[in-house]
Amino acid sequence: MPVVVVESPAKAKTINKYLGSDYTVLASYGHVRDLPPKDGSVDPDDGFAMTWEVGADSRKHVKAIADALKDDNALILATDPDREGEAISWHLQEALTKRRAIKKDTDVRRVTFNAITKAAVTEAMANPREIDVPLVDAYLARRALDYLVGFNLSPVLWRKLPGARSAGRVQSVCLRIIVEREMEIEAFKPVEYWSVKALLETPRGKSFEARLTTLAGKKLDRMSLESQAAAELAVQAVTSRALKVASVEAKPSTRNPSAPFMTSTLQQEASRKFGFGARQTMNAAQRLYEAGHITYMRTDGIDMAPEAVTAARDEIARRYGSEYVPKSPRNYKNKAKNAQEAHECVRPTDMSKDPESLKISEADQRRLYDLIWKRTLACQMEAARLERTTVDISSDDGQVGLRATGQVVQFDGFLKVYEEGRDEPVGDDDKRLPQISQGEPARFAGTSFQAEYDKATGADTVVESAKAGMQQHAAAILSENGAVLALQHHTQPPPRYTEATLIKRMEELGIGRPSTYASIVTTIQDREYVRKENNRLFAEDKGRIVTIFLLNFFRQYVGYEFTADLEAKLDHVSAGDADWQKVLADFWSEFSATVAETSELRISEVLDKLDAALAPQLYPPKEDGSDPRQCPLCGEGQLHLKTSRTGGFIGCGRYPECRYTRPISGDAAEGEDKVLGEDDGDQITLRSGRYGPYVQRGEATEENKKPKRTSLPKGWQKDDIDLEKALKLLELPRHVGDHPSGGRITTNLGRFGPYIMHKLPGGDEKPVYVNIKDPMEMWEVGMNRAVELIDDKRANPGRGRRGAAKPLKELGEHPEGGGAVGVYDGRYGPYVKWDKINATIPDGVEPADVTMDMAVKLIEERAAKAGKKAPAKKKPAAKKKAPAKKTAAKKS
């Protein structure tokens, strides 16, 4: 039986199903060889010769393949159809040849398939080929480059910047993108502007909104109304004039579907719609591919096989009708820079199988397949037909002009199935307008913008003035009749990158390839150069320092054009148009010289240069004109950039006499740390740290290396902290009293907020913690209340590991699925629980009012949303059969 080798056991299982018992299908479990992580693994002086080593985990897999070849002298390498897959096949052939498992007469063939289906696998087996040498050369060049950069640049970072973890050929350029965006945000100065809109009414009593576009006969742009005074004049100008409809224009328009997915667009859309990280998306896609549900997921291509296009069109007609199928198929052309990575688009292998019919149990895979299936069908559907209406309204004297826009979908087309997500919210002009005719009056509506005004200003806002009957506030102005509203806006800084928009930017710059996007984005987070919060990527101080260092000493090698150009050269290698060793030699000659030159620099020289480069961000000018470098604590020393194992920070030059420090970024970089006062001879200071603002007693000294400090509770603002509040925080933990059963009860502020804690004396019982919502309770809670909360938590540990939560209300057995249904109090409010399903109770419904019928409905809705099975109806208990009488065996 020929031995077939693939990367993973899952892929092996699926392929074995199609090949049958005539083949032995084994898994290599990924790459079997790599460069040892030590100096000398790549030798530039010997034509970039590489020393490979079979990994400890891979030895048993290579042995299993070698043992199988003893029984059959035929090897079929069926790894993935991209550069990495080609490299794995090459490594396997090399490793097996070295073991003498592959002999001179061994039949070694390479097969590739873009989808793991019976037809694709059968066709691949009928058309074997040799290993693609140029593709392997491109892999060798990339691997050598990454090794040479990492093993030569990283030690320079370790020596010059303690705490820096590593640098990489593409990784460092990707980090630069994020750091520069962070610096753009910090340098951004918001600009005020105002908009004015009116609530108008047709003669038939139908209301609609229109925005001010002309004032004093001049067209307005977004920034024309620069102040509250200008907005006030605009509101007066609109309310003091009679208005009529000057023109009504309706234009038909069409909207075409997006192209099918390639790797980058799949990662971007999964991030937008589900918040998936790049690695999470690729892991789910890998499983779907190995199960035979989708085509290969690492691709720069957007074309579809003709048979797939036909299948998609047939499925559209069957499901939605022939009117949703365009007259001719839609063709999408590849824009890939590298033809070797331009496989077919990411699509389902069977268009007729929707997510429900596949019954995928894993949630990530189910959601991703649904996304791919819908996008693929949509890309072959008819365009959506819309009608955009623009209504211009003006005063008789032409001094005031307003515009209303609306949009109506006349035929939904592909929108019936799928609509692409957006990275940032956009203006909503999809409102339907009432019937409006040219020449008819546009009166102010009887309804009012009052609710929107209250929302903009705060419902309890005191009106600043009532000039000309208007309600005015710093953020909004409302006319006396309530039909004209001016709103204050400020220009916004560019948004921080999400993983999706970062990959999109890398793609635009020509940096990285489909096989590397996910690993690059993950690496910079693993190195703690970047952190992800609310799906946005924030540059850490460590990442900022590394980037500024590289921009100052290795600028060429973190340049966007240089990196993109090098990627293009590597693409030429994979196409067989360039020699990989020459590409490496050209790079190494300059890079090695730069490394040698930088290695000679002293750390103090490096820090001085970085300090000067970061000065505009680290020490921005102060409003009072004082020296921004002056230490705010001692008032004598000058602030300087310093480094530690945890990254860079700003410290006083008078260390150790003055131990003032602050982080590089955030509020502290704006000089907001301050001395609140003195207590018992210690200075009490308010500072900013990596995890937010905190108060501190005294300074770190040789005798007291860790002075007392306490973070601000959630919701407390720095501006509101005075000496009195700081001292209260520094008193924590507070001793409430002694529990009747023994042991101290204390309150304190922890990582997850304020809490009460009690531990019984002696014994092995762990302390009992009770979270409290209001931070003030840390100082106000009394003994009776504290004992009650502690004892209740000890008796009902809730969601902890020590027992189940006590229901607020027991509803009885589920009428269909069996099992207890109850109402519980959770961290995010009351909820209904049955089996493993938790369903939140809607706002306004009291837990005591929840009935079994209401609970069953909530459970069914939650189960459907989570993709879980609805409760199966209970079968009547089977009648027990009377046991059969046993006949004693006769003895012979």
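Because the structure is a prediction, the values reported are computed rather than measured. (Residues numbered from 1 in each chain as written. Predicted model: local features only at pLDDT ≥ 70, side-chain atom pairs only at ≥ 80, totals over all residues. Heavy atoms only, no water.)

Right, let's get into the overall build of the chain. Counting secondary structure elements, the chain contains 23 helices and 35 strands. Out of the 892 residues in the chain, the part that is buried amounts to 46%. Roughly 46400 Å² of accessible area belongs to the chain as shown, and the carbon and sulfur atoms make up 48% of that amount. (Helix = DSSP H or I, 4+ residues; strand = E, 2+ residues; numbered from the N terminus. Buried < 20%, exposed > 50% of the residue type's maximum accessible area, 1.4 Å probe, protein only. Areas by Shrake-Rupley, 256 points an atom, 1.4 Å probe, with all protein chains shown as cover.)

Turning next to helix α6 (residues 171–187). Its 17 residues give α6 an end-to-end C-alpha distance of 25 Å, which sits within 8% of 24 Å, the value for a rise of 1.5 Å per residue. A large share of α6 lies buried, amounting to 13 of its 17 residues. (Expected span 1.5 Å × (residues − 1).)

In spatial order, the strands read β2-β1-β7-β8; together these four strands make up an open sheet with parallel pairing. Among the strands making up the open sheet, the edge pair consists of β2 (24–27) and β8 (107–110). In this sheet, adjacent strand axes meet at a mean angle of 20° when their direction is disregarded. Strand contacts of helix α1 (residues 9–19): β1 (3–6) and β2, with the helix running at about 170° to β2, the strand carrying the most contacts. (Pairing = 2+ DSSP bridges. Axes fitted to C-alpha atoms, helices over the stretch in contact; angles between N-to-C directions. Contact = heavy atoms within 4.5 Å.)

Below, the discussion takes up the packing of aromatic side chains. In total, this model carries 19 aromatic pairs according to the counting rule given. Here Trp588 and Phe591 contribute two aromatic rings whose centre-to-centre distance is 6.2 Å and whose plane-to-plane angle is 50°, an arrangement assigned as tilted. Within this pair, Trp588 and its partner Phe591 are both found in helix α18 (residues 580–599), separated by three residues, close to a single helical turn. A residue is classified by how much of its surface remains accessible, and Trp588, at 18% relative accessible area, is buried. Note that Lys273 overlies the ring of Tyr418, its terminal NZ or CZ placed 5.3 Å from the centroid. (Phe/Tyr/Trp six-rings, centres within 6.5 Å; stacked < 30°, edge-to-face > 60°. Lys NZ or Arg CZ within 6 Å of the ring centre and 35° of its normal.)

To continue, consider the pairing of β2. Of the two faces of β2, only the one carrying Val25 and Ala27 is buried; Thr24 and Leu26 on the other face are not. In terms of strand pairing, β1 meets β2 through four bridges, oriented parallel. Looking at the pairing, Val5 lines up with Leu26 of β2. Between the parallel elements β1 and β2, the chain passes through α1 in a crossover that is right-handed. (Right-handed = clockwise from strand over helix to strand, strands pointing away.)

For the rest of this paragraph, the subject is the pattern of salt bridges. The tally for this structure, following the rule as stated, stands at 46 salt bridges. Glu452 is the salt-bridge partner of Lys197, the closest N and O atoms lying 2.7 Å from each other. Here Glu452 lies in helix α13 (residues 450–457) and Lys197 lies in strand β9 (residues 192–201), a separation of 255 residues in the sequence. Look at Glu452 and you get partly exposed, because its relative accessible area is 28%. (Salt bridge = Lys/Arg side-chain N within 4 Å of Asp/Glu carboxyl O.)

For the rest of this paragraph, the subject is the packing of helix α8 (residues 263–274) against helix α14 (residues 499–509). At their nearest, the axes of α8 and α14 sit 8 Å apart, and the two run at 155° to each other. Put simply, α8 runs roughly antiparallel to α14. Crossing handedness for the pair α8 and α14: left-handed. Two secondary-structure elements touch here, α8 through Ser264, Gln267, Gln268 and Ser271 and α14 through Ala500, Ile503, Lys504 and Glu507. Taken together, the residues that form the contact of α8 with α14 break down as two nonpolar, four polar and two charged. (Parallel < 35°, antiparallel > 145°, perpendicular 65-115°, else oblique. Left-handed = near helix turned anticlockwise from the far one by under 90°. Nonpolar A, V, L, I, M, F, W, Y, C, P; charged D, E, K, R; others polar.)

On the basis of which strands lie adjacent, the open sheet formed by four strands has the order β28-β29-β30-β31 and antiparallel pairing. Of all strands in the sheet, those with a lone pairing partner are β28 (734–738) and β31 (768–771), marking the two edges. For this sheet, the mean inter-axis angle between neighbouring strands, taken without regard to orientation, is 25°. Relative to strand β30 (residues 753–758), strand β29 (residues 744–750) runs antiparallel, the two being bridged by six bridges. The residue of β30 that forms the bridge with Asn748 is Tyr755.

This next bit is on the nonpolar core. Counting 158 residues, the largest nonpolar core has Leu75, Phe549 and Phe554 as the members making the most contacts within it. Tallying contributions element by element places helix α5 (residues 133–160) first for this core, with 13 residues. For Phe549, the contacting residues outside a window of four places in its chain are Val156, Leu157, Lys160, Leu161, Phe554, Thr598, Val606 and Leu610. Grouped together as the second largest cluster of nonpolar side chains are 27 residues, Val196, Leu215, Val235 and Val484 included. (Core = buried A, V, L, I, M, F, W, Y, C linked by side-chain atoms within 4.5 Å.)

Take Ile102: it is sitting in the loop between α3 (83–98) and β8. Along the primary structure Ile102 and Lys70 are separated by 32 residues, whereas in three dimensions their C-alpha atoms are 9.4 Å apart. Excluding residues within four positions of it along the chain, Ile102 makes contact with Leu69, Leu75, Gln93, Leu96, Thr97 and Val108.

What follows is about the side chain of Glu315. Along the polypeptide, Glu315 turns up in helix α10 (residues 306–320). Given the relative accessible area of 6%, Glu315 is considered buried. In this structure, Glu315 is in contact with Met351, Ser352 and Leu377, ignoring residues within four places of it in sequence.

A contiguous patch of negative charge, built from Asp719, Asp720, Asp722 and Glu724, is present on the exposed surface. Residue placement: Glu724 occurs in helix α20 (residues 723–731). Residue Glu724 is classed as exposed on the basis of its relative accessible area, which comes to 58%. (Patch = residues over 30% accessible without salt bridge, like charges linked within 9 Å, V, L, I, M, F, W, Y side chains within 5 Å. Lys, Arg positive; Asp, Glu negative; His and termini not counted. Charge placed at Lys NZ, Arg CZ, Asp CG, Glu CD.)

Attention now moves to the confidence of the model for the chain. Of all residues in the chain, 90% attain a pLDDT of 70 or more, and the chain-wide mean is 85. Segment residues 459–468: pLDDT under 50, and 16 contacts once partners within four positions in sequence are set aside and those in other chains are kept. (pLDDT = per-residue confidence, 0-100.)

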